[in-house]
Amino acid sequence: MDQCLDKNKKDSRLYGKETVKALMNFALGASGTNMHLIEAMLDIKKAAAQTYKELKMMDSWKSDAIIAACDELKKERYRENFRVHPLQGGAGTSTNMNVCETVAGCALVSLGYESDAYTVIHPLDDVNKGQSTNDVYPTALRIAAIRLVRRLSEEAGKLQESFQKKEVEYQNIRKLGRTELMDALPITVGEEFGAYAQAIGRDRWRFYKVEERLRQVNLGGTAIGLGDNASRQYRFRVIEKLRDLTGIGLARAEYEVDLTQNNDVFVEVSGLLKAMAVNLMKIAGDLRWMNSGPKGGLGEITLQEVQAGSTIMPGKVNPVIPEMVTQVAIKVMANDQAVTMAAASGNFELNAFLPLIADCLLESLELLIHATELFRTKCIDTLKVNEEQCRKHLEGSLAEVTHKAVEIGYDKAAEEAKSRG
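Residues numbered from 1 in each chain as written. Predicted model: local features only at pLDDT ≥ 70, side-chain atom pairs only at ≥ 80, totals over all residues. Heavy atoms only, no water.

Chemist: In this structure, what is going on with the overall build of the protein? I would like to understand it.
Modeler: Assigned secondary structure in the protein consists of 15 helices and 6 strands. Against the 2.2 N^0.38 benchmark of 22 Å for 421 residues, the protein shows a C-alpha radius of gyration of 28 Å, more extended than a compact globule. If one aligns the C-alpha atoms of the protein with their principal axes, the spans along those axes are about 90 × 50 × 35 Å. Across the 421 residues of the protein, 50% fall into the buried class. Contacts in the protein between residues at least 24 apart in sequence constitute 77% of all its contacts with a sequence separation of at least 6. (Helix = DSSP H or I, 4+ residues; strand = E, 2+ residues; numbered from the N terminus. Rg over C-alpha atoms; globule rule 2.2 N^0.38 Å. Buried < 20%, exposed > 50% of the residue type's maximum accessible area, 1.4 Å probe, protein only. Contact = heavy atoms within 4.5 Å.)

This is the structure we're talking about:
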């Protein structure tokens, strides 16, 4: 049963007039605020209500209704209530207001009131008590980012293992190595995949280290980091509640003014995502080259056929998974540029462009999570090496001439290479 369904409305809207204004003011399209950010904000509202209940600074019936609403609103059926476009003015105020109004509306309906009976439970006086968008929004972004970084790290680990399996499987298959797309020295297929595994392993290590800075939050600092309108008891206890709720080792920032106005940690995270995108794009490019053909290319590997490749050329199959990964990588790089510019555009005690940072960062994380999984399951795990073709390219090359240079000198070896060519 829908706990928060307002029987007096024709639709399931639980938000109020301020959200309606935001929907009109930022009518940029159908995209709503990232749900990972919304869910993290619901966790914050729940932690605040629990804190005020324990401190006896809010009536139990009221805090209980808010707590229950925060849990209920995470269900899929309520997502239409969070449709404010992510690119909004006000440093995220509209998103925070949207959450506050929706939580209040849900709590009120569950108690038998209309969703806009704000004299009973008020979106700001109660749901947002002792809080500001300026500490709620960045704290929620850090929680959402940590959750997604952990998921991406898991996917990166699985991809690394997949490369390592290929490294062992093909450790004895020799092929022609190439530098600048030209014939170079012999290498094994296993050694190439081993290099890929090392690159992705570095990405995992970077993700592990950056979480330490993401765990510091400014919740309790309110508007500019000085804790105005928030009691001292609340400021210290709410972090403990949020830590228990999320299972993340969150810590109160040593200097909340800093985290309220500066967003360099998100630039750091975005930079690490860009580094992984670079690795994925390079690997995807290698696989496209090795898979090229089947008659006129290198043909050293065969990628799984996942769909028809042409509407006019029968039998043509394209390396669509590496191509998808390449486009995801480019998108992540573009998002990184947006994050960089937005973070540098803040002024004094607040950055008005945090919504752009949040949208780009969370999009990059989600894209990389899904792309990494698809790359592994539909490409790396299923590819096959064409040993005969590898041998053919190697035997037809001039690779062995390089080793002769030590004995006969570079110039004579170069002459021999030209004569063979």
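Chemist: Whenever I open this one, a nonpolar patch on the surface confuses me. Can you help?
Modeler: A grouping of Trp61, Leu111 and Tyr113 is seen on the molecular surface, where their side chains present a nonpolar patch of about 300 Å² in accessible area. Secondary-structure assignment places Trp61 in helix α3 (residues 60-72). (Patch = residues over 30% accessible without salt bridge, like charges linked within 9 Å, V, L, I, M, F, W, Y side chains within 5 Å. Areas by Shrake-Rupley, 256 points an atom, 1.4 Å probe, with all protein chains shown as cover. Salt bridge = Lys/Arg side-chain N within 4 Å of Asp/Glu carboxyl O.)

Chemist: When you look at the packing of helix α2 (residues 35-54) against helix α8 (residues 232-246) in this model, what are you seeing that I'm missing?
Modeler: Working note: a packed helix pair is described by the angle between its axes plus the distance between those axes. Contact pair α2 / α8: the axes reach a minimum separation of 8 Å and the direction vectors enclose 125°. Comparing their axes, α8 and α2 come out oblique. Considering only the axes of α2 and α8, their crossing is right-handed. Counted together, Asp43, Ile44, Lys46, Ala47, Ala48, Gln50, Thr51, Tyr52 and Glu54 of α2 and Tyr234, Arg237, Val238, Lys241, Leu242, Leu245 and Thr246 of α8 form the full contact between these two elements. Residues that form the contact of α2 with α8 fall into these classes: 8 nonpolar, 3 polar and 5 charged. (Axes fitted to C-alpha atoms, helices over the stretch in contact; angles between N-to-C directions. Parallel < 35°, antiparallel > 145°, perpendicular 65-115°, else oblique. Left-handed = near helix turned anticlockwise from the far one by under 90°. Nonpolar A, V, L, I, M, F, W, Y, C, P; charged D, E, K, R; others polar.)

Chemist: Even after reading the chapter, I still don't get the pattern of salt bridges, so can you show me in this structure?
Modeler: Note that side chains of opposite charge can pair when their charged atoms are close. For the coordinates displayed, the defined rule picks out 28 salt bridges. Among the ionic pairs, Glu211 bridges to Arg150, the shortest N-O distance being 2.7 Å. Of this pair, Glu211 sits in helix α7 (residues 189-214) while Arg150 sits in helix α6 (residues 133-169); the two residues are 61 residues apart in sequence, bridging distant segments of the chain. On the basis of relative accessibility, which here comes to 12%, the residue Glu211 falls in the buried class. By relative accessible area, Arg150 is classed as partly exposed at 34%. The residue Glu169 makes a salt bridge to Lys166 at a minimum N-O spacing of 3.6 Å. Residue Glu169 and its partner Lys166 are located together in helix α6, separated by 3 residues, close to a single helical turn. Relative accessible area serves as the criterion here: at 6%, Lys166 is assigned to the buried category. Each of the salt bridges in this network shares a partner with another, and the network as a whole consists of Lys175, Arg178, Glu192 and Glu300.

Chemist: Sorry, what's going on with α8 here?
Modeler: With 15 residues, α8 extends 22 Å from end C-alpha to end C-alpha; this agrees with the ideal 21 Å at 1.5 Å per step. Buried within α8 are the following residues: Tyr234, Arg235, Val238, Ile239, Lys241, Leu242 and Thr246. Residue Gly247 follows α8 closely and has a positive phi angle near 75°. (Expected span 1.5 Å × (residues − 1).)

Chemist: Looking at this structure, how should I read the pairing of strand β2 (residues 182-188)?
Modeler: A regular strand places its side chains on the two faces of the sheet in alternate fashion. Two strands pair when backbone bridges link them, and strand β1 (residues 174-179) and β2 are joined in this way by 5 bridges, in the antiparallel orientation. Note that in β2 the partner of Leu176 across the bridge is Pro186. Linking β1 to β2, which pair antiparallel, is a turn of 2 residues; within it Glu180 sits at a positive phi near 55°. (Pairing = 2+ DSSP bridges.)

Chemist: Could you clarify how one ought to interpret the packing of helix α11 (residues 320-344) against helix α12 (residues 354-380) in this entry?
Modeler: Contact pair α11 / α12: the axes reach a minimum separation of 9 Å and the direction vectors enclose 160°. One way to sum up the angle between α11 and α12 is to call them roughly antiparallel. In terms of crossing hand, the pair formed by α11 and α12 is left-handed. Tallied by class, the residues present in the contact of α11 with α12 amount to 20 nonpolar, 2 polar and 3 charged.

Chemist: Help me understand the packing of aromatic side chains in this model?
Modeler: We describe a pair of aromatic rings using the distance from one ring centre to the other and the angle between the two ring planes. This model, assessed by the stated rule, comprises 5 aromatic pairs. Ring centres 4.8 Å apart and planes at 0° place the aromatic pair Tyr52 and Tyr234 in the stacked group. Here Tyr52, found in helix α2, pairs with Tyr234, found in helix α8; they are 182 residues apart in sequence, far enough to count as distant. Residue Tyr234 is classed as buried on the basis of its relative accessible area, which comes to 0%. Taken together, the ring pairs connect Phe163, Phe193 and Tyr196 into an aromatic cluster. When the ring centre of Tyr52 is taken as origin, the NZ or CZ atom of Lys129, which lies over that ring, is 4.8 Å away. In this structure, Arg252 packs its charged tip against the face of Phe236, placed 4.4 Å from the ring centre. (Phe/Tyr/Trp six-rings, centres within 6.5 Å; stacked < 30°, edge-to-face > 60°. Lys NZ or Arg CZ within 6 Å of the ring centre and 35° of its normal.)

Chemist: For this particular structure, what's the right way to read the environment of Lys166?
Modeler: Each C-alpha atom, one on Lys166 and one on Glu192, is 9.3 Å from the other, the two residues being 26 residues apart in sequence. Among all residues touching Lys166, those that are not within four sequence positions of it are Gly190, Phe193, Ile380, Asp381 and Leu383. Of the polar contacts made by the side chain of Lys166, one reaches the backbone oxygen of Leu383; its length is 3.3 Å. (Polar contact = N/O pair within 3.5 Å; in protein donor to acceptor, adjacent residues only side chain to side chain.)

Chemist: Would you mind showing me how to read the side chain of Glu72 here?
Modeler: For Glu72, the position within the fold is in helix α3. Residue classification places Glu72 among the buried positions, given a relative accessible area of 5%. Here Tyr78 takes part through its side chain, which lies 2.7 Å from a polar atom of the side chain of Glu72.

Chemist: Explanation requested: the nonpolar core in the structure shown.
Modeler: Looking at soluble globular proteins, one finds that nonpolar side chains tend to be buried together. By size, the foremost hydrophobic cluster in this structure holds 107 residues, and its most contacted members are Phe163, Leu287 and Phe375. For this core, the element with the highest residue contribution is α6, accounting for 14 residues. Those residues in contact with Phe375 that sit more than four places away from it in its chain are Leu159, Phe163, Leu280, Ile283, Ala284, Leu287, Ile321, Val325 and Ile380. Judged by nonpolar contacts, the second largest core, of 5 residues, contains Tyr15, Ala22, Leu23 and Phe26. (Core = buried A, V, L, I, M, F, W, Y, C linked by side-chain atoms within 4.5 Å.)

Chemist: Even after reading the chapter, I still don't get the state of the cysteines, so can you show me in this structure?
Modeler: Covalently bonding the sulfur atom of one cysteine to the sulfur atom of another cysteine gives a disulfide. Applying the stated criterion across every chain yields a total of 0 disulfides. Sulfur of Cys70: no disulfide; nearest cysteine sulfur belongs to Cys106 and is 8.5 Å away. (Disulfide = S-S within 2.5 Å.)

The values are spatial; any link to function lies outside them.
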